[in-house]
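Fold and geometry: a report
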Protein chains: 4
Amino acid sequence: MVQKIKIGIIGAGRIGKIHADNLLRLPQVEIVAISDLFANAELEAWAAERGIATVTKDSAALIADPEINAIFICSSTDTHVPLIKQAAEAGKHIFCEKPVSMTLSQTEEAVEAVQKAGVKLQIGFNRRFDHNFKRIREHVEQGTIGETHIVKITSRDPNPPHKDYIKVSGGMFMDMMIHDFDMARFLAGSEVEEVFAQGNVLIDPVFAECDDLDTAIVTLRFQNGALGVIDNSRQAVYGYDQRVEVFGSKGSAAATNDHPNTAEISTAEGIVRDKPLHFFLERYNAAYVEETELFIEALLQDKKVKVDGYDALQAERIARAAKLSVKLRRPVKLSELHELT
Amino acid sequence: MVQKIKIGIIGAGRIGKIHADNLLRLPQVEIVAISDLFANAELEAWAAERGIATVTKDSAALIADPEINAIFICSSTDTHVPLIKQAAEAGKHIFCEKPVSMTLSQTEEAVEAVQKAGVKLQIGFNRRFDHNFKRIREHVEQGTIGETHIVKITSRDPNPPHKDYIKVSGGMFMDMMIHDFDMARFLAGSEVEEVFAQGNVLIDPVFAECDDLDTAIVTLRFQNGALGVIDNSRQAVYGYDQRVEVFGSKGSAAATNDHPNTAEISTAEGIVRDKPLHFFLERYNAAYVEETELFIEALLQDKKVKVDGYDALQAERIARAAKLSVKLRRPVKLSELHELT
Amino acid sequence: MVQKIKIGIIGAGRIGKIHADNLLRLPQVEIVAISDLFANAELEAWAAERGIATVTKDSAALIADPEINAIFICSSTDTHVPLIKQAAEAGKHIFCEKPVSMTLSQTEEAVEAVQKAGVKLQIGFNRRFDHNFKRIREHVEQGTIGETHIVKITSRDPNPPHKDYIKVSGGMFMDMMIHDFDMARFLAGSEVEEVFAQGNVLIDPVFAECDDLDTAIVTLRFQNGALGVIDNSRQAVYGYDQRVEVFGSKGSAAATNDHPNTAEISTAEGIVRDKPLHFFLERYNAAYVEETELFIEALLQDKKVKVDGYDALQAERIARAAKLSVKLRRPVKLSELHELT
Amino acid sequence: MVQKIKIGIIGAGRIGKIHADNLLRLPQVEIVAISDLFANAELEAWAAERGIATVTKDSAALIADPEINAIFICSSTDTHVPLIKQAAEAGKHIFCEKPVSMTLSQTEEAVEAVQKAGVKLQIGFNRRFDHNFKRIREHVEQGTIGETHIVKITSRDPNPPHKDYIKVSGGMFMDMMIHDFDMARFLAGSEVEEVFAQGNVLIDPVFAECDDLDTAIVTLRFQNGALGVIDNSRQAVYGYDQRVEVFGSKGSAAATNDHPNTAEISTAEGIVRDKPLHFFLERYNAAYVEETELFIEALLQDKKVKVDGYDALQAERIARAAKLSVKLRRPVKLSELHELT
């Protein structure tokens, strides 16, 4: 392995820029190039400030650059699979945002291409690196709570996304709850076997117009017999609500929200504290930093990545099963997916 | 209405005695008689200490006693329906423990008999009178949290019951989760339309032997479109776990457990506090007192009772649907129950 | 000792009636008589409802009644010492509200009279029986937190008392903080050696008119070298604030307030919970019950009482030292009290 | 003002390096030189990695460097005053760690030199920039809690410092509690008038050997009549304990500790959470970043600094009064300091 990892970033949207800034803090990393379909003078200025030499509209050229060791794929979801394939064929390691694709067969192809090429692929399931959820997982692994019986996840956004985003998002299960599907696997330490989903449009009719949901509860049955439940809402007016609980034979481990401060104000009206950290950029700031650090560490030390293509595939399978469950109004087994789709 | 309510209690088990002691604190109440199939000298001594004149094995005689205005039915579930019918025919008001029966048609008959006789029937869904859950309901009613989107209930017992009890309990949904079905209706302010249940035996094989479950997650769909979820376990080693959360368009209202004290101990090992109040007698002590007070108040002031026969019927319908859902492995609508059973 | 303790109550104000009702719950207790300077038809009705045979204005007659075993002294503070002396001479056991008197020499006389007569005297320091503070004390005794270094007590009332009360109250230290002085001794497990008090009138000028304070911070130095601090306010608009913390070589034990429920409401404005239990009647309800139960138990089983005359004396000594410290603007040792007063 | 602030750092110990790294994140800052009496190859390597051109043992040369706009003084306390004077005379802005000196007259000289030179001086009272304490201050300023009546501060270290440090630390009040004295002024919005200190050696006799204390409680009287109390311990085995509370006519604002995560583990033994963030580097990490950012902002925009020489002076005066109070065993007014020292 080279001494300094040289990186190319594809996609200069919000998440691409966050990864760039987090990578730039690492002494053994150099960002060589960034590509974006809409690259312009502004992006060039942004890159110049950070010492990123090349700004291009041509992702293929970036992938072909022999100097580059690893590619960060931060472009729109529909581009993920072709880019993963190209990068894998070019022998580059890959960090790809979630989901890999909206279609299981395509994600499977991408994962196969990665395996064939023998490169590393890490998926952007950043929540696995959150300080609270990691601590819960540690307790599960250490056996503090015994055998897992129930996994509960609450995940609610402070505000719904814009209609333009909703249309192309792939729907609540693939776009939003997919993080929770990954978290459920991460915490339960067992694979999901069966999925039942209930959903509704209670917040904004725009979701119905886009054939989507804004409120959903999904129950999971794991292979080890444990049960799980996830609830999602596109709008919690009190802020980003991100909690998990694992209950088992020896007890429970539960993590509540992070708050901007611990101040508690007591007045004649009651006792008040500030709302949770506003949204994912605030709540998962440190987790974004850590996922890139650990990706770079995996490259430098030739170790396995913490979240790989199989993890992406499994989360997408659960999302697919959830979507089918709503349509068929019945529980759906992951083993049925092949015949149902 | 008489100045002093004269009461007969049928069933001198634990719950019968609790109601007796709570009733004896009320100045406008006199307990005239108590009946129990196994009435003995010990019960006579217990009654004498409390100034209860008559102890009998004959519940029919107790019901027939013209001096008695109201009957507390605290005997085993299989006796509830015949006793309700007899008491209603005798023109007595009735307080009956939950569930009314294991069979919907029988519960319907009992409720009809009560309506026909024009007497009052209150069901022992004591948790509606719990200080925490009442406060959540108040906020829901006052509109603090807007329209209800999600109702979440966690209910876990500290220890499983004895095998003898499990056998005749009617199963987890009818015996244990029935409280949560009532709570879901109480908090949501809407009727349940559809039920999906996932369950398993993860704690003790004895539940499988009794064709029962020890761990279950049930999702609900309410008529107003809101969704609900309840999780139950027969054994939370850290104690009685009784929490609810209602999430809506303007926020959420959540109640956690009660603890025996607020002491927090910080040592080199971590920060520790005592477990929640041990079990239902400790947690719902004040709720038991209040449900009897309000029943007596309803009699004295000829008001509607807070939990009536219809509430019993609805909770039992949801329990029945949950049981069917496990069997059929699909969601079950309450409107289907008639044809399915 | 007799099988049934027969009790006379002197003083039928709020606290006298609370003790009466708590005593009436105990099977081995009979209240024989109640006396009050302003006994009237209303009090007679109140007593009749409770089966208390005698209502009188004559406390001497009540004390002289040979049927009575124990006297509850709930009359105004200035009557405590003569009544304790009379009761002790008459061989009655005594429960007396705090403080015993405003003058150390008088309290000493009362305590001597009790010792000479060999009767039991329990003082109404009800907070020792509070579920939170008892739990802290247990941890201190069990050595959980090692050797005590710091004791911190916060005690703030929701509303100032009426001017008529302030005038005769004996001042903040003797009337209000005396509970905290007792709590400090209870928790520290060591005697107070030196006291320094800072006080001010920040809430209502009426306190200045009465030569009193409404806000004070008192630091304590214990014989074992530990330090303590108590802060008091006559008006915490958010309600009754009663917290303690003991810090030691192995950790800390802290108890916060009790709340009427655990409900937490999250809205766009923040996260809110209800204020603490309103005032001492709500917060210390169970503690009042327990102090009378344990007094009766001490009589029945001829055991030592949990809070005795020496405890009264010590708390009053600390209160006296605090008052002197404000006047002299310097720390005052308890050993100096004799020469200073 | 120049476009890019050029900085020289004096003292390359732990705190000097922290400030360096925090400054290097700021685009408008360049660190030109760092000086240390023990500058060696290791420091040169450290500086080279960060692009700091000059490493020297000669602080005078660094101060004289015409390229440098501002000096960070992070060397030992005894060097602060001469360095401040030199830097001020050279027309450099100054950031100086606390305390400025151990002797009030010297600190006064330093502050005068700064005023005379018209340069900016910011003191390293980093806690003013802590997210929790800032929020409390905001509420005090906004009037949420009305007029301030009581300020309470708890500040306990996880471990005592090494004996070598204790000897030269200036004692508990000047070294440790000085942060709390500044915090008291920051939160109360009023100057301290009088100080009373109680202290003891309860943790380690080494403190007595060094004529120091390891446990102390200090009461404050503010000019506006409010009262304050601070407790300090050199060893809280459960970790760094940093809490404040401001109580006033309209309520209270209280901030508790920060924790590394929100995970709560419930088992048969009780409910446990992790200890607070370990020590000042973890707890005040973001506050260190913010204090340097705001210092640079004050230079760039020619604004007043947030904590100036007067703030240093006042905190040192309170520390001096506390030390005298222990010696004289009586409260000491700040106005007396002149005649007492």
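Residues numbered from 1 in each chain as written. Chains lettered and ligands numbered in written order. Predicted model: local features only at pLDDT ≥ 70, side-chain atom pairs only at ≥ 80, totals over all residues. Heavy atoms only, no water.

We now examine the overall build of chain A. Assigned secondary structure in chain A consists of 14 helices and 15 strands. Taken against the 2.2 N^0.38 rule, which gives 20 Å for 341 residues, the C-alpha radius of gyration of chain A at 21 Å falls within 12% of a compact globule. Residue burial in chain A is summarised as follows: out of 341 residues, 60% are buried. For chain A, the exposed area adds up to about 13,100 Å²; of that, 48% sits on carbon and sulfur atoms. Computed over 39 positive and 50 negative side-chain charges, the separation of the two mean positions in chain A equals 3 Å. (Helix = DSSP H or I, 4+ residues; strand = E, 2+ residues; numbered from the N terminus. Rg over C-alpha atoms; globule rule 2.2 N^0.38 Å. Buried < 20%, exposed > 50% of the residue type's maximum accessible area, 1.4 Å probe, protein only. Areas by Shrake-Rupley, 256 points an atom, 1.4 Å probe, with all protein chains shown as cover. Lys, Arg positive; Asp, Glu negative; His and termini not counted. Charge placed at Lys NZ, Arg CZ, Asp CG, Glu CD.)

With that out of the way, let us pick up the pairing of strand β2 (residues 29-35) of chain B. Residue and element names in this part refer to chain B. Where burial is concerned, most of β2 is hidden: six out of the seven residues are buried. As defined by bridge partners, strand β1 (residues 5-10) adjoins β2 across six bridges and the pair is classed as parallel. Across the sheet, the residue bridging to I9 is I34, located in β2. You can see the chain leave β1, run along helix α1 (residues 14-24) and come back into β2, and the turn it takes is right-handed. Here β2 pairs with strand β3 (residues 54-56) via three bridges, running parallel. Each residue of the ladder has a partner; that of I34, found in β3, is V55. (Pairing = 2+ DSSP bridges. Right-handed = clockwise from strand over helix to strand, strands pointing away.)

Moving on: the pattern of salt bridges. In the structure shown here, the tally under the stated rule is 120 salt bridges over all chains. Put simply, B:R137 and B:E141 hold a salt bridge, and the shortest N to O gap is 2.9 Å. Separated by four residues within a single helix, B:R137 and B:E141 lie in helix α6 (residues 131-142), roughly one turn from each other. When its relative accessible area of 24% is taken as the criterion, B:R137 is described as partly exposed. When salt bridges with common partners are traced through the structure, they connect A:K152, A:E245, B:R156, B:D231, B:D241 and B:R243 into a single cluster. (Salt bridge = Lys/Arg side-chain N within 4 Å of Asp/Glu carboxyl O.)

What follows deals with the domain arrangement of chain A. Residues and elements named next belong to chain A. Segmenting chain A into domains produces domain 1 (5-119) and domain 2 (128-279 + 315-340). Each partner contributes to the interface: domain 1 provides eight residues, whereas domain 2 provides 11 residues. Here domain 1 and domain 2 share an interface that buries about 760 Å² over both sides, 61% of which is from carbon and sulfur atoms. Our enumeration of links across domain 1 and domain 2 arrives at one salt bridge. Between E108 and R317 there is a salt bridge, with its nearest N and O atoms 3.2 Å apart. On inspection of domain 1 and its partner domain 2, the count reaches four residue pairs in polar contact (both at pLDDT 80 or more). A class-by-class count of the residues in the side of domain 1 that touches domain 2 yields four nonpolar, two polar and two charged. (Domains from an automatic or database assignment. Contact = heavy atoms within 4.5 Å. Buried area = accessible area lost by both parts, 1.4 Å probe. Polar contact = N/O pair within 3.5 Å; in protein donor to acceptor, adjacent residues only side chain to side chain. Nonpolar A, V, L, I, M, F, W, Y, C, P; charged D, E, K, R; others polar.)

Right, let's get into the nonpolar core. All names here are of chain B. Ranked by internal contacts, the top residues of the largest apolar core, which has 102 residues, are I94, F173, F181 and L220. Domain assignment of the residues forming this core places at least three in each of domain 1 (5-119) and domain 2 (128-286 + 315-340). Ignoring anything within four residues of it in the chain, the contact list for F181 reads F173, V218, L220, I230, A315, I318, A319 and A322. (Core = buried A, V, L, I, M, F, W, Y, C linked by side-chain atoms within 4.5 Å.)

Mapping chain D onto chain C leaves a residual RMSD of 0.0 Å; the transformation is a rotation of 180° accompanied by 0.0 Å of translation along its axis. Interpreted geometrically, this transformation is the action of a two-fold axis. The C-alpha atom lying nearest the rotation axis in chain D is that of D:R330; the distance is 2.5 Å. In this assembly, 100% of the residues forming the interface of chain D have copies in chain C that are likewise at the interface, indicating an isologous arrangement. (Least-squares fit on C-alpha atoms with pLDDT ≥ 70 in both.)

Turning our attention to helix α13 (residues 309-328) of chain B. All names here are of chain B. Here α13 is 20 residues long and its end C-alpha atoms lie 28 Å apart, about the 28 Å a rise of 1.5 Å per residue gives. Capping the start of α13, D308 holds a side-chain oxygen 3.1 Å from the backbone nitrogen of Y310, two or three residues further along. Looking one or two residues past α13, R329 carries a phi angle of roughly 55°, positive in sign. (Expected span 1.5 Å × (residues − 1).)

Residue and element names in this part refer to chain B. The strand order across the open sheet formed by six strands is β3-β2-β1-β4-β5-β6, and the pairing between neighbours is parallel. In the strand order of this sheet, the two ends are held by β3 and β6 (121-123), each with one partner. Across the sheet, the mean angle from the axis of one strand to that of its neighbour is 20°, orientation sign disregarded. In the sheet, β1 pairs with strand β4 (residues 70-73) via four bridges, with the strands oriented parallel. Among the inter-strand pairings, G8 is bridged to a residue of β4, identified as I71. In the packing of helix α4 (residues 77-89) onto the sheet, contacts are made with β1, β4 and β5 (93-96), and the angle to β5 comes to roughly 165°. (Axes fitted to C-alpha atoms, helices over the stretch in contact; angles between N-to-C directions.)

With 41 residues of chain A in contact, the opposing surface of chain B contributes 41 residues. A combined buried area of about 3,300 Å² lies between chain A and chain B, and 58% of that area is made up of carbon and sulfur atoms. Contact with chain B buries area across many residues of chain A, yet A:Q198, A:I217 and A:F247 alone supply 16% of it, more than any other trio. At the boundary of chain A and chain B, one finds eight salt bridges.

Tallying each qualifying case throughout the model produces 34 aromatic pairs over all chains. On the basis of an interplanar angle of 75° and a centroid distance of 5.6 Å, the ring pair of A:F95 and A:F295 is categorised as edge-to-face. With A:F95 in strand β5 (residues 93-96) and A:F295 in helix α12 (residues 285-300), this residue pair connects regions lying 200 residues apart in the sequence. Taken as a pair, A:F95 and A:F295 share a single burial class, namely buried. Consider the rings of B:F72 and B:F295, whose centres lie 5.4 Å apart with planes at 85°: the pair is edge-to-face. In this pair, B:F72 sits in strand β4 while B:F295 sits in helix α12 (residues 285-300), placing the two residues 223 residues apart along the sequence. (Phe/Tyr/Trp six-rings, centres within 6.5 Å; stacked < 30°, edge-to-face > 60°.)

As a general point, the strands of a sheet are linked pairwise by backbone hydrogen bonds and lie either parallel or antiparallel. Residues and elements named next belong to chain C. On the basis of which strands lie adjacent, the open sheet formed by six strands has the order β3-β2-β1-β4-β5-β6 and parallel pairing. Looking at strand neighbours, the two that pair on one side only are β3 (54-56) and β6 (121-123), the edges of this open sheet. Sheet twist, expressed as the mean angle between neighbouring strand axes with direction ignored, is 20°. Alignment of strand β5 (residues 93-96) against β6, held across three bridges, turns out to be parallel. In the strand pairing of β6, C96 is matched with I123. Sitting on the sheet, helix α4 (residues 77-89) is in contact with β1 (5-10), β4 (70-73) and β5, with an inclination near 165° to β5.

For B:R135, the position within the fold is in helix α6. Classification of B:R135 by relative accessible area gives buried; the value is 18%. A polar atom in the side chain of B:R135 sits 2.7 Å from the side chain of B:E138. If sequence neighbours within four positions are ignored, B:R135 has contacts with C:N261, C:A263 and C:D274.

In this section: the interface of chain D and chain C. Counting from both sides, the interface comprises 41 residues of chain D and, opposite them, 41 residues of chain C. When chain D packs against chain C, close to 3,300 Å² is buried across both sides, 58% of that on carbon and sulfur atoms. Interface area lost by chain D to chain C is led by D:Q198, D:I217 and D:F247, which between them contribute 17%. Taken together, chain D and chain C are joined by eight salt bridges. The partner of D:K152 in a salt bridge is C:D231, and the shortest N-O contact between them spans 2.7 Å. When residues of the side of chain D that touches chain C are traced back to their parent elements, those giving at least two are β7 (148-156), β8 (192-200), β9 (215-222), β10 (227-233), β11 (241-248) and β12 (251-255) of chain D.

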